[in-house]
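# Geometric and topological summary
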Amino acid sequence: DGATFTRVASPLGRDDVTMRALLPDGRVLVVRGSDGDADGDVDREELVVMTFDGGASATTLFEPASPSRLAVAVAPTGALWVGLRATAELHTSTDGGRTFVRVAGAHPHFRCLEARGAELWACGNNLTSGDAFALGVSSDGGQTWQKRFAFGELCDALPCIRSACAGVFRSTCVPGLCGAP
């Protein structure tokens, strides 16, 4: 009923594990090497693992060629996507993670990734990474992205965002919107 909680050992006997999905059949998808800080800018040696027995053992599903923070999405169909922040790559699996294929196209430097129905939503960073958006959506499995939001479109923005619009990131702000130059 949620009235009390019991602390359990970290999955896989490690402290650097972040649970990303609990699948209906009891499998748990985790990112090993993660410190849980989705906003951290230091690329780490993260990899996607699946545990079938509550963390007693695990199988590596995806390991990038070079260190990168990873964003992971799981669709209700069981399809998996892994977005790499360092290289702005997107990989997908339709066979439960046994094989992954790189998705062609221009992708953001993934800060988040979520499957919602037939859509894939992603966070980028148009201020510092040169991405086309801060929040985008794809209806074709990540081959193309449509901007839903970009930094610089914030009305009544925090002073640090306003100063970024007046400074080095001026080209990312929408001219005239909310007082942007």
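Residues numbered from 1 in each chain as written. Predicted model: local features only at pLDDT ≥ 70, side-chain atom pairs only at ≥ 80, totals over all residues. Heavy atoms only, no water.

### Quick word on the side chain of Asp131
Counted only if it meets this: Strands are runs of DSSP state E lasting at least 2 residues, helices are runs of H or I lasting at least 4, and numbering of each runs from the N terminus. What qualifies as a polar contact is a pair of N or O atoms within 3.5 Å, subject to a donor-acceptor requirement within protein and to the restriction that residues adjacent in sequence count only when both atoms come from side chains.
Examined against the element boundaries, Asp131 turns out to sit in the loop between strand 10 (119-123) and strand 11 (135-138). Of the polar contacts made by the side chain of Asp131, one reaches the backbone nitrogen of Asn125; its length is 2.8 Å.

### Side note on the packing of aromatic side chains
Applicable threshold: Pairing of aromatic side chains requires ring centres within 6.5 Å, counting the rings of Phe and Tyr and the six-membered ring of Trp. Pairs whose planes differ by under 30 degrees are stacked, by over 60 edge-to-face, and all others tilted.
Counted according to the given criterion, the structure contains three aromatic pairs. Taking 5.2 Å as the distance between ring centres and 65° as the angle between the ring planes, the aromatic pair formed by Phe62 and Phe100 counts as edge-to-face. Here the residue Phe62 occupies a position in strand 4 (residues 59-62), and Phe100 occupies one in the loop between strand 7 (89-93) and strand 8 (101-102), the gap between them amounting to 38 residues. A ring pair is formed by Phe133 and Trp145, whose centres lie 6.0 Å apart and whose planes are at 45°; its orientation type is tilted. In this pair, Phe133 sits in the loop between strand 10 and strand 11 while Trp145 sits in the loop between strand 11 and strand 12 (146-149), placing the two residues twelve residues apart along the sequence.

### Quick look at the sheet that holds strand 9 (residues 112-116)
Rule in force here: A pair of strands is considered paired only if DSSP assigns at least 2 bridges between the two. Helix axes are fitted only over the stretch in contact, all axes being lines through C-alpha atoms; the angle between N-to-C directions runs from 0 to 180 degrees.
Taken together, four strands build an open sheet; the order of strands is 9-10-11-12 and the sheet is antiparallel. What marks the edges here is a single partner per strand, and that holds for strand 9 and strand 12. Pairwise comparison of adjacent strand axes, ignoring direction, gives a mean angle of 25° for this sheet. Pairing of strand 11 with strand 12, which is carried by three bridges, proceeds in the antiparallel orientation. By the bridge assignment for strand 12, Gly136 is matched with Lys147.

### Digging into the pattern of salt bridges
Where we set the bar: Within this document, salt bridges are pairs made up of a side-chain nitrogen of Lys or Arg and a carboxyl oxygen of Asp or Glu, the two lying within 4 Å of each other. Only protein chains enter the area calculation, which uses a 1.4 Å probe; residues under 20% of their type maximum are buried, those over 50% are exposed, and those in between are partly exposed.
Summed over all chains, the structure comprises three salt bridges. The salt bridge partner of Arg102 is Glu89, with a shortest N-O separation of 3.9 Å. Of the two residues, Arg102 is situated in strand 8 and Glu89 in strand 7; the sequence distance between them amounts to 13 residues. Given the relative accessible area of 16%, Glu89 is considered buried. Among the salt bridges present, the one from Glu114 reaches Arg116, with a minimum N-O distance of 3.5 Å. By relative accessible area, which is 54% here, Arg116 ends up exposed.

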